[in-house]
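Chains, contacts and geometry: an overview
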Amino acid sequence: MTDIPASHPRRASLLARERLVEGVRAGIVSEAGLIAHGRGEAFDYLLGERTTDEAVAACRAAAALLLMARRPVMSVNGNVAALAAERAVALAAAVGGARASRGAAEGAMRLEVNLFHRTEGRVRLVADRLRAAGARDVLGEAPDARVPGLDHARAMCSSQGVGTADVVLIPLEDGDRAEALRRWGRTVIAVDLNPMSRTARAAHVTVVDELTRALPVLARETVALAGEPDGRLRAVKEGFDNAACLRAVLGRMVARVPELDLGPPC
Ligand code: PTJ
């Protein structure tokens, strides 16, 4: 790993890149994952690299969906495993605990490895990465179902996970899969820095925020809503308008541009 000085002003961003480069070398991240990350970084720059009020509102709506779900599942790909395996496991634990406290029949939110550029070797490595982060029960290594309307291996999924889930959390998802999941009747929660992406538009709730910032906020909102009655959770969900939220975030990005200080940084 490249040595990045603690004083470097863009240390966090450089460390994230290093985790992805290491992930490619370890076989966890696809080469295309590096390009996807670069696109995300560009949008994060425009966002000011911070969690907006819109992202918090989207996390609250997503939390309400996860708490009311019959069978929630989080889909994990190579980028998510490399950047945020521990945070994904922590979120699953927070959601599981919150749901159990409400007496949900199936408390846990399952983690399922779903790869766009699927190879069985990479599925195993991503699952191993999740287990190393503390996940006990990882799905996706023995797919026995398919997402209808998708061709090739990217359609494969688990009947214990996405195959029977009602709510699916898809961080950094490809647009085709997001649309196919919605057509299949799944309630879709996305995390995507590009508010114009097909995934962001296809999802019922899109958190436009950087993954490693968004997952702890989602966990926090889930815990905060855990004691609320179903009626209140339904109101939170129904009060959220995804298209309006995407428009507001894009508006923030656009409004920020003319205000940027383009003088020398030092
Ligand atoms: O591991 P695999 O094979 O499943 O492949 C994973 C990737 C991400 C390569 C694959 O799903 C893919 O090609 O995705 P896309 O279509 O490039 O979409 C990824 C979206 O995530 C883009 O809109 C990016 O802006 C966004 N994104 C990238 N990095 C982040 C992000 N959003 C939030 N946080 C990030 N760190």
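As a reminder, the structure under discussion sits directly above these lines.
Throughout what follows, the structure given in this document is the object of discussion. (Residues numbered from 1 in each chain as written. Predicted model: local features only at pLDDT ≥ 70, side-chain atom pairs only at ≥ 80, totals over all residues. Heavy atoms only, no water.)

Taken together, the side chains of Leu46, Val257, Leu260 and Leu262 define a hydrophobic patch exposed on the protein surface, amounting to about 360 Å² of accessible area. Its location among the elements puts Leu46 in helix H2 (residues 31-47). (Patch = residues over 30% accessible without salt bridge, like charges linked within 9 Å, V, L, I, M, F, W, Y side chains within 5 Å. Areas by Shrake-Rupley, 256 points an atom, 1.4 Å probe, with all protein chains shown as cover. Salt bridge = Lys/Arg side-chain N within 4 Å of Asp/Glu carboxyl O. Helix = DSSP H or I, 4+ residues; strand = E, 2+ residues; numbered from the N terminus.)

It is worth spelling out the sheet that holds strand E2 (residues 110-113) at this point. Pairing within the open sheet is parallel, and its six strands lie in the order E3-E2-E1-E6-E7-E8. The open sheet terminates on both sides in strands that have one partner only, identified here as strand E3 (138-139) and strand E8 (205-207). As judged from the two bridges shared by E2 and E3, these two strands associate in the parallel manner. Looking across to E3, one finds that Glu112 is bridged to Leu139. Strands in contact with helix H4 (residues 78-101) are strand E1 (72-76), E2 and strand E6 (167-171); relative to E1, the strand with the most contacts, it is inclined by about 175 degrees. Across the sheet, helix H5 (residues 120-132) lies against E1, E2 and E3, angled at about 150 degrees from E2, the strand it touches most. (Pairing = 2+ DSSP bridges. Contact = heavy atoms within 4.5 Å. Axes fitted to C-alpha atoms, helices over the stretch in contact; angles between N-to-C directions.)

Take the packing of helix H1 (residues 11-26) against H2 next. Two elements in contact, H1 and H2, have axes separated by 9 Å at closest approach and are oriented at 165 degrees. When the interaxial angle is binned, H1 and H2 end up roughly antiparallel. For the crossing formed where H1 meets H2, the hand is right-handed. Contact with H1, carried on its side by Ser13, Ala16, Arg17, Leu20, Val21 and Val24, involves Glu31, Leu34, His37 and Glu41 of H2 and no other residues of that element. Per-class residue counts for the contact of H1 with H2 are five nonpolar, two polar and three charged. (Parallel < 35°, antiparallel > 145°, perpendicular 65-115°, else oblique. Left-handed = near helix turned anticlockwise from the far one by under 90°. Nonpolar A, V, L, I, M, F, W, Y, C, P; charged D, E, K, R; others polar.)

Treat this as a map of the structure, not an account of what it does.
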